[in-house]
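Each chain is listed here by its residues.
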2 protein chains.
Amino acid sequence: MEPTRPSQDLVRALTDEHVLRALMRHRRLTRAELAAEIGISKPTAGESVRRLTERGLVADTGERTQGGRGRGRVGSYYAIAPTVGVALAITITPAGVVTECIDVYGDTVARAVRQVDRTTWPRQVAAALRESVAEACVAADLDSATVVNGAAAVNSATAVGGAAAMGGAAVAGGAEGGGAAQRRPIRLAVIGAADPVDRSSGRLVHLPDAPFLVGELDPVALLDPIEVVVDNDVNWAALAEPDRARDFAYLFLGDGLGCAIVSDGAIRRGHSGLAGEVAHVLTTGPGGRSVPFIDVFRELGLRRPGSTAIDGDRLLKTDPADREAIGSAVSGVIAAIVAFVDPREVVIGGTWGPALIEEIGEATGRSPRPVPLRVAAAGIGDPVLAGVRAEALDRLRASLIA
Amino acid sequence: MEPTRPSQDLVRALTDEHVLRALMRHRRLTRAELAAEIGISKPTAGESVRRLTERGLVADTGERTQGGRGRGRVGSYYAIAPTVGVALAITITPAGVVTECIDVYGDTVARAVRQVDRTTWPRQVAAALRESVAEACVAADLDSATVVNGAAAVNSATAVGGAAAMGGAAVAGGAEGGGAAQRRPIRLAVIGAADPVDRSSGRLVHLPDAPFLVGELDPVALLDPIEVVVDNDVNWAALAEPDRARDFAYLFLGDGLGCAIVSDGAIRRGHSGLAGEVAHVLTTGPGGRSVPFIDVFRELGLRRPGSTAIDGDRLLKTDPADREAIGSAVSGVIAAIVAFVDPREVVIGGTWGPALIEEIGEATGRSPRPVPLRVAAAGIGDPVLAGVRAEALDRLRASLIA
DNA sequence: GATACAAGGCAAGAGGGTTGACTAGTATTG
DNA sequence: CAATACTAGTCAACCCTCTTGCCTTGTATC
């Protein structure tokens, strides 16, 4: 170790971080533009770009300025090097697995969907996950390969066959870069799964008597060399809510029951990651008896036969009395949320929750501490995937800056 | 504005912060010791001390080294300047008001206690708060004045009469320093009150049908020029728990009901500061009906007549059936805590809670997601005051470093 | 071709930090 | 009692990063 001058290192690191962030925002900038944008001098900007280029994080795009900018010398555009790699954003539901590759700009550069047959999914999910990732890998490699070297297409097509695509060329850290066609490594994966997730292991867990949709799965082991972050889909959906408050709860009422807790601006997961697993909260059941939330649906005969899931379709066809009973039960859960989380608002999502917001609101209005309710934002596309994407982008960017 | 060199300013600020923190830890250090402690060079330490002395944050204590340290030149001890001031740590309960002055080292330099008559407290609390603060101010001023100049004692004794002591000499920012006896300003106050506290206003609020012990009070207005932080006493008591987990809940079961939520290592207060107000959580009441937690005590006839408080003394004399009913009701509340907070453990405190931990534990053990219970640490002295002190110390230190 | 103008590089200098030598001052030791 | 050992603090020289001002380079316009 050389004597290390911590303070000076810190200053330099800060400058480099500013440059990287500016390039993430604007995609490409000349050194002069960087200086103006960040508020540093031109020589400093130039030095930082030189350092970052040496580290492989930044590259000259080859593009030159003169885009009708009038007279003056042409400038060189720099951008984040494509070789820094991508992140995977993955959602796992009973219906299938969706995998997307996103780059540092948040663009989706590849997408793969694997449907799973509902009746046999417990076995197929792991295979679907592997295949979906491999497929997205190939697509992303092709994408970058066609830019650098069209011939690489043949090479990566062979990787379709199996999981070899993952352990081989495209895994993070393996920036061998021997040939002309340098692959983009996968730096990390963020996964949203439609079941409770254990915080420490990242495994899907089956809570007693609670709906269990995807089944036993260990995504961390399946994607082994890659850094993997797994969490409940409801948490990710909450992350995607627009204009979200610093303190709110996202109550998901669908085939499964879930709740995301956002407190002081961040998702709170609890000790083992199971904060928001509402199945066993005591609430008012039919007849005014105190029962766990999930049992309300059993007692009303609304659980899917042979499964732990709630039958949302049949639930929506129940008579007013049952709907009122459900509204009352949900309002009991909301009372507990109000007591322990004190949210500014409660967002109601899921397949059947928004349809019952009238009944829920009426019951909540009668409680001693009413709270504003809101239906989850529809948005475009899958809100879970949107949240997973946002997290993947954040972490991908952070991994470059660190 | 001069051109400002942001990066270098940052480095200097960091060095000064390190020096201040080292002095807070060790109370007094020579410049050579500072350099060794922080890992900076001697000239840098000397420069930082010079800057901080100029800003009035650090002062030469007059003490010299040679405490049997063997041969060598004597060094000058520096310390945080006494004139930087103190913070107030205050607890407000139905029994009275306790005010302590603490310095940057966490030492209590003055203490004042004002008892309040239980039967007439609603009016007297505000007066008691004012008097208690004034008394502590005088004591603290005497303390510092005797060090600097004994004659100042007469001067501050006159301040006992009323709130003038606060608006006058001892208020933060007024570092007039005209005479030789420079007072220590009060930089801030942290208050623990035995009732729900509104997060935005700092006022004590009365939730419908919940126990209300202290009564309407606006501590922020009462201590006006000083920065004031007010929070529920249960939250502060949780802060004082030794070896606390990153995720736990502190359930307070006494005359009032309360719960502190610690998630990801910090106390979570919710949108309006009412997170943990458990009175209206639905739980299992006598006979298995779903009732709000607080109503369990009404139905069992355990609320104090003419008041909203729970009668802890009578509660402890109930028969086994009632105790079991209470244990069951508490376990329902704990089930909700487990669902929304997912704590590593639940700490039971308050006047009667620990006595019923057997019954509570038994009922909790039967739930689908049992959680370890623990009786709140006894500790020495008032746990609430300990937590308030800790927060006051933190904020006092932060106010110097910023 | 002369001119205007922007990108980028070079040289000088500011300001924080570090090193190493030096001074000052106190104990121990012969 | 003088020599010695040892420590606190300072000084001078230097490193590193950033900034400013000037210069060069190269393109577009007049």
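Before going into details, it helps to say that this report is about the structure given with it. (Residues numbered from 1 in each chain as written. Chains lettered and ligands numbered in written order. Predicted model: local features only at pLDDT ≥ 70, side-chain atom pairs only at ≥ 80, totals over all residues. Heavy atoms only, no water.)

### A closer look at the overall build of chain A
Definition in use: The helix count covers DSSP runs of H or I at least four residues long, the strand count covers runs of E at least two residues long, and both are numbered beginning at the N terminus. Relative accessibility under 20% of the residue-type maximum defines a buried residue, over 50% an exposed one, and the middle range a partly exposed one, all with a 1.4 Å probe and only protein chains included. In what follows, residue pairs with any heavy atoms lying within 4.5 Å of each other are defined as contacts. Calculation of accessible area relied on Shrake-Rupley with a 1.4 Å probe; when residues are assessed, cover is drawn exclusively from the protein chains displayed.
Check the secondary structure of chain A and you find 13 helices and 14 strands. Going through the 402 residues of chain A one by one, you find that 52% of them count as buried. Contacts in chain A between residues at least 24 apart in sequence constitute 61% of all its contacts with a sequence separation of at least 6. About 17600 Å² of surface is accessible on chain A, with carbon and sulfur atoms providing 52% of the total.

### Quick notes on a nonpolar patch on the surface
Stated precisely, the cut-off is as follows: In this analysis, a patch consists of residues with relative accessible area above 30% that form no salt bridge, clustered at 9 Å for like charges and at 5 Å for the nonpolar side chains Val, Leu, Ile, Met, Phe, Trp and Tyr. When a carboxyl oxygen of Asp or Glu lies within 4 Å of a side-chain nitrogen of Lys or Arg, that pair is called a salt bridge.
A cluster of nonpolar side chains, contributed by Leu10 and Leu14 of chain A together with Leu10 and Leu14 of chain B, occupies part of the molecular surface with about 260 Å² of accessible area. The set of elements that each furnish at least two residues to the nonpolar patch consists of α1 (6-26) of chain A together with α1 (6-26) of chain B. Structurally, Leu10 of chain B is set in helix α1. The partly exposed category is assigned to Leu10 of chain B, whose relative accessible area is 33%.

### Topic: the protein's contact with DNA strand D
Defined as follows: Definition of nearness: a residue and a molecule or strand are near each other if at least one heavy atom of the residue lies within 4 Å of the molecule or strand. We define a polar contact as two N or O atoms separated by no more than 3.5 Å, with the added condition that, inside protein, one atom must be a possible hydrogen donor and the other a possible acceptor, whereas residues neighbouring each other in sequence contribute only through side-chain atom pairs. Three categories are distinguished: nonpolar for Ala, Val, Leu, Ile, Met, Phe, Trp, Tyr, Cys and Pro, charged for Asp, Glu, Lys and Arg, and polar for the others, with Gly belonging to the last.
Within the structure, DNA strand D sits among 27 residues, and Arg12, Thr15 and Arg73 of chain A together with Lys42 and Arg71 of chain B are positioned closest to it. Within 4 Å of the protein, the atoms of DNA strand D are drawn from sugar and phosphate moieties in a proportion of 69%. For DNA strand D, a phosphate oxygen lies 2.3 Å from a polar atom in the side chain of Thr15 of chain A. Interatomic distance of 2.9 Å between a side-chain N/O atom of Thr44 of chain A and a phosphate oxygen of DNA strand D. Among the elements of the structure, α1 and α3 (42-54) of chain A together with α2 (31-38) and α3 (42-54) of chain B are those that each provide at least two residues to the surface near DNA strand D. At four residues, α1 of chain A tops the list of elements feeding residues into the surface near DNA strand D. Across the surface near DNA strand D, the residue classes break down as seven nonpolar, twelve polar and eight charged.

### Quick look at the protein's contact with DNA strand C
Around DNA strand C, a shell composed of 28 residues is seen, among which Lys42 and Ser76 of chain A together with Thr15, Thr44 and Arg73 of chain B lie nearest. Counting only atoms of DNA strand C within 4 Å of the protein, the sugar-phosphate share comes to 67%. Here Arg71 of chain A contributes a side-chain N or O atom positioned 2.9 Å from a sugar or linking oxygen of DNA strand C. Counting residues per element, the surface near DNA strand C draws most heavily on α1 of chain B, which supplies four residues. Class assignment of the residues belonging to the surface near DNA strand C gives a composition of seven nonpolar, twelve polar and nine charged.

### Remarks on the side chain of Glu391 of chain A
All names here are of chain A. Mapping Glu391 onto the fold places it in helix α13 (residues 383-401). In terms of polar contacts, Glu391 uses its side chain to reach the side chain of Arg395, at 2.8 Å. Setting aside residues no more than four positions away along its own chain, Glu391 makes contact with Val190, Trp236 and Leu239.

### A short note on the relation of the copies chain A and chain B
As a reminder, the rule being used: Here the copies are matched by least squares. The fit uses the C-alpha atoms of residues with pLDDT of at least 70 in both.
Take chain A, turn it by 180°, move it 0.1 Å along the axis, and it overlays chain B with an RMSD of 0.2 Å. Taken together, the turn and the small shift mark the pair as related by a two-fold rotation axis. When the interface residues of chain A are mapped onto chain B, 98% of them again fall at the interface, so both copies present the same face.

### Describing the pattern of salt bridges
Here the structure, examined in full by the defined rule, presents 58 salt bridges over all chains. The partner of Asp311 of chain A in a salt bridge is Arg304 of chain A, and the shortest N-O contact between them spans 3.9 Å. Take Asp311 of chain A: its relative accessible area is 11%, and that puts it in the buried class. Residues Arg395 of chain B and Glu227 of chain B are paired through a salt bridge, measuring 4.0 Å at the closest nitrogen-oxygen approach.

### Focus: unusual backbone geometry
Positive phi is not limited to glycine here, since Asp264 of chain A has a value of about 55°. Within the secondary structure, Asp264 of chain A sits in the loop between β9 (257-263) and β10 (266-268). Residue Asp264 of chain A is classed as buried on the basis of its relative accessible area, which comes to 15%. Although it is not a glycine, Arg27 of chain B sits at a positive phi angle of roughly 70°. Within the secondary structure, Arg27 of chain B sits in the loop between α1 and α2.

### Side note on the sheet that holds strand β7 (residues 227-232) of chain B
Residue and element names in this part refer to chain B. What counts, and what does not: Each pair of strands is called paired provided DSSP finds at least two bridges between the two strands. Fitted lines through C-alpha atoms give the axes, limited to the stretch in contact for helices. The angle between two N-to-C directions lies from 0 to 180 degrees.
The five strands are arranged β5-β4-β3-β6-β7 in an open sheet whose pairing can be described as mixed. Single-partner strands in this sheet number two, and they are β5 (108-115) and β7. Strand-to-strand twist in this sheet, taken as the mean axis angle between neighbours without regard to direction, amounts to 15°. In terms of strand pairing, strand β4 (residues 96-102) meets β5 through seven bridges, oriented antiparallel. Within β5, the residue paired with Cys101 across the bridge is Ala110.

### Looking at the interface of chain A and chain B
The line we're drawing: Summed over both partners, the accessible area (1.4 Å probe) lost when two parts come together is defined as the buried area.
Tallying the contact residues gives 46 residues for chain A and 45 residues for chain B. When chain A packs against chain B, close to 3400 Å² is buried across both sides, 61% of that on carbon and sulfur atoms. Of all residues in chain A, His271, Phe340 and Arg369 of chain A give up the largest surface area on contact with chain B, accounting jointly for 21% of the area buried on that side. Along the contact surface separating chain A from chain B lie four salt bridges. Note that Arg199 of chain B and Asp264 of chain A form a salt bridge whose closest N and O atoms lie 3.0 Å from each other. Taken together, chain A and chain B are joined by 20 residue pairs in polar contact (both at pLDDT 80 or more). Looking at the side of chain A that touches chain B, the elements with two or more residues in it are α1, β9, β10, β11 (282-284) and α11 (320-341) of chain A. When residues of the side of chain A that touches chain B are assigned to their parent elements, the largest contribution, eight residues, is made by α11 of chain A.

### What about α1 of chain A?
Residue and element names in this part refer to chain A. The following threshold applies: Take the residue count of a helix, subtract one, and multiply by 1.5 Å to get its expected span.
Along its 21 residues, α1 runs 30 Å from first to last C-alpha, staying within 8% of the 30 Å computed at 1.5 Å per residue. Of all the positions in α1, only Thr15, Asp16, Val19, Leu20, Ala22, Leu23 and Met24 are classed as buried. On its buried face, α1 sits against α2 (31-38), α3, β1 (58-64), β2 (76-80) and α13. After α1 finishes, the residue Arg27 shows a positive phi value of roughly 70°.

### Description of the packing of α1 of chain B against α2 of chain B
All names here are of chain B. Quick reminder of the rule: Oblique is the label for any angle not covered by the other classes, which are roughly parallel (under 35 degrees), roughly antiparallel (over 145) and roughly perpendicular (65 to 115).
Running from N to C, α1 and α2 cross one another at 105°; their axes reach a closest spacing of 10 Å. Relative to α2, the element α1 lies roughly perpendicular. Contact residues: His18, Val19, Ala22, Leu23, Arg25 and His26 in α1; Leu34, Glu37 and Ile38 in α2. Class assignment for the residues of the contact of α1 with α2 results in five nonpolar, two polar and two charged.

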